[in-house]
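# A look at the structure
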Amino acid sequence: MTDHSRHLAAIMFTDISGYTALMGRDEEKAMELLHVNRLIHKSLIEKYNGRWMKEMETAQWRNSTAPTMLQNVLLRFRSEQKMN
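Keep in mind the model is a prediction, meaning the values are calculated, not measured. The numbers attached to residues start from 1 for each chain and follow its sequence in the written order. With the structure being a predicted model, the display of local features is reserved for residues of pLDDT at least 70 and the display and counting of side-chain atom pairs for 80 or more, all residues being used for whole-chain, interface and lining totals. Derived side-chain values reflect all non-hydrogen atoms in the structure, with water molecules and hydrogen atoms excluded from consideration.

## Section: the nonpolar core
To form a nonpolar core, buried Ala, Val, Leu, Ile, Met, Phe, Trp, Tyr and Cys residues must be joined to one another through side-chain atoms within 4.5 Å. Buried residues are those whose accessible area, probed at 1.4 Å on protein chains only, stays under 20% of the maximum for their type, while exposed residues exceed 50% and partly exposed ones sit between those limits. Among the nonpolar cores identified, the biggest contains 6 residues, and these are Met-12, Ile-40, Leu-44, Ile-45, Val-73 and Phe-77. Secondary-structure elements contributing two or more residues to this core are helix 2 (27–47) and helix 3 (67–83). Numbering of helices and strands runs from the N terminus; a helix is a DSSP stretch of H or I covering at least four residues, while a strand is a stretch of E covering at least two. The element that contributes the greatest number of residues to this core is helix 2, accounting for 3 residues. Should any heavy atoms of two residues lie within 4.5 Å, those residues are considered in contact. Setting aside residues up to four positions removed in sequence, Phe-77 forms contacts with Asn-37, Ile-40, His-41 and Leu-44.

## A few points about a negative patch on the surface
Taken together, Asp-26, Glu-27, Glu-28 and Glu-32 make up a surface patch of like negative charges. Tracing the backbone shows Asp-26 in the loop between helix 1 (19–25) and helix 2. Classification of Asp-26 by relative accessible area gives partly exposed; the value is 33%. For patch building, the residue pool is restricted to those with more than 30% relative accessible area and no salt bridge; the joining distance is 9 Å between like charges and 5 Å between nonpolar side chains (Val, Leu, Ile, Met, Phe, Trp, Tyr). Every accessible area reported is derived by Shrake-Rupley at a probe size of 1.4 Å, with residue values counting cover from the shown protein chains alone. By definition, a salt bridge exists where a carboxyl oxygen of Asp or Glu is found within 4 Å of a side-chain nitrogen of Lys or Arg. Charge assignment: positive for Lys and Arg, negative for Asp and Glu; neither His nor the chain ends contribute. Charge placement uses NZ in Lys and CZ in Arg. For Asp and Glu, CG and CD serve respectively.

## Considering the environment of Thr-20
By the secondary structure assignment, Thr-20 is in helix 1. For the pair Thr-20 and Ala-30, spaced 10 residues apart in sequence, the C-alpha separation works out to 8.3 Å.

Nothing here speaks to function; it is geometry throughout.
Here you go:
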């Protein structure tokens, strides 16, 4: 018999709204937005002990064993966005 253990996990998926339209108007600005977005997310994921799972263009997946961690990341990200 195999010993299985279960862990609570939360998965967060994000995307940048309007990125494709911005890329059509101003590629340099769109790339800068993508870079800043990535820096903010990665620093917050590390701060709250999450794991960066995958990134495809503007979409990103992360997970954590603590759902409140992802909630904290989202709240901090929104406040970071307002400051930039």
